[in-house]
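Structural characterization, general
Here is how the chains run, residue by residue.
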Amino acid sequence: MPIIKKYNIDTTVWEPVAVGATGPTGPIGVLGATGPTGPAGPTGPQGDWSTAQAVVTKSASFTLELSDAGKILKCNSGAAIAATIPTAAVAAFAIGQKIDFLQYGAGQLTVGGATGVTVRSTPTNRLRTQYSVASAIKIDENEWILVGDLALS
């Protein structure tokens, strides 16, 4: 065991100190505040057209989910079918994300927004006929644009 000394300020001499066994470890203290978030990492690689889109079949009306982003939604129904875009509070799609729609069945597909969501399109928000294709692109917090083969009225 090493010899420990302390300095006596009155005598100006280093004096040996008796050292006993080490006692038990005390309790852990309170944690401090969390530090600041670090810097954002680098932007990932750009996608390209060689990457295939997943195709998901929908056979009844539905509300979009985050997992639908970047996919082709193949809407296959003999009756009318509605796709609803939820608010950003429900599904936080990134601005610029796109979802493609294919009206594969005879039932007309309508793409609309939940209360608080604006879907801009011209002339309507319905696909024109069987095999028509359209894309919904998020352009603001609760604003989307629908472009493609849309019905006149």
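Quick look at the structure, then.

Calculation notes
Residues numbered from 1 in each chain as written. Predicted model: local features only at pLDDT ≥ 70, side-chain atom pairs only at ≥ 80, totals over all residues. Heavy atoms only, no water. Pairing = 2+ DSSP bridges. Helix = DSSP H or I, 4+ residues; strand = E, 2+ residues; numbered from the N terminus. Axes fitted to C-alpha atoms, helices over the stretch in contact; angles between N-to-C directions. Salt bridge = Lys/Arg side-chain N within 4 Å of Asp/Glu carboxyl O. Buried < 20%, exposed > 50% of the residue type's maximum accessible area, 1.4 Å probe, protein only.

Let's shift gears to the sheet that holds strand E10 (residues 133–140). The 6 strands lie next to each other as E3-E5-E7-E10-E11-E9, forming an open sheet whose pairing is mixed. Of all the strands in the sheet, the pair left with one neighbour each is strand E3 (55–58) and strand E9 (118–121). Across the sheet, the axes of successive neighbouring strands diverge by a mean angle of 25°, strand direction being ignored. In terms of strand pairing, strand E5 (residues 72–75) meets strand E7 (residues 98–103) through 4 bridges, oriented parallel. Bridged to Ile 72 within E7 is Asp 100.

For side chains of opposite charge, pairing can occur when their charged atoms come near one another. The tally for this structure, following the rule as stated, stands at 4 salt bridges. Residues Asp 68 and Lys 58 are paired through a salt bridge, measuring 4.0 Å at the closest nitrogen-oxygen approach. Taken together, the positions of Asp 68 in the loop between strand E4 (62–63) and E5 and Lys 58 in strand E3 put the pair 10 residues apart, joining distant regions of the chain. The class for Asp 68 is buried, based on a relative accessible area of 3%. With its nearest N and O atoms 2.7 Å apart, the salt bridge here joins Asp 149 to Arg 128. With Asp 149 in the segment after strand E11 (143–148) and Arg 128 in the loop between E9 and E10, the pair connects residues that are 21 residues apart, well separated along the chain.

Honestly, it's all geometry; don't read function into it.
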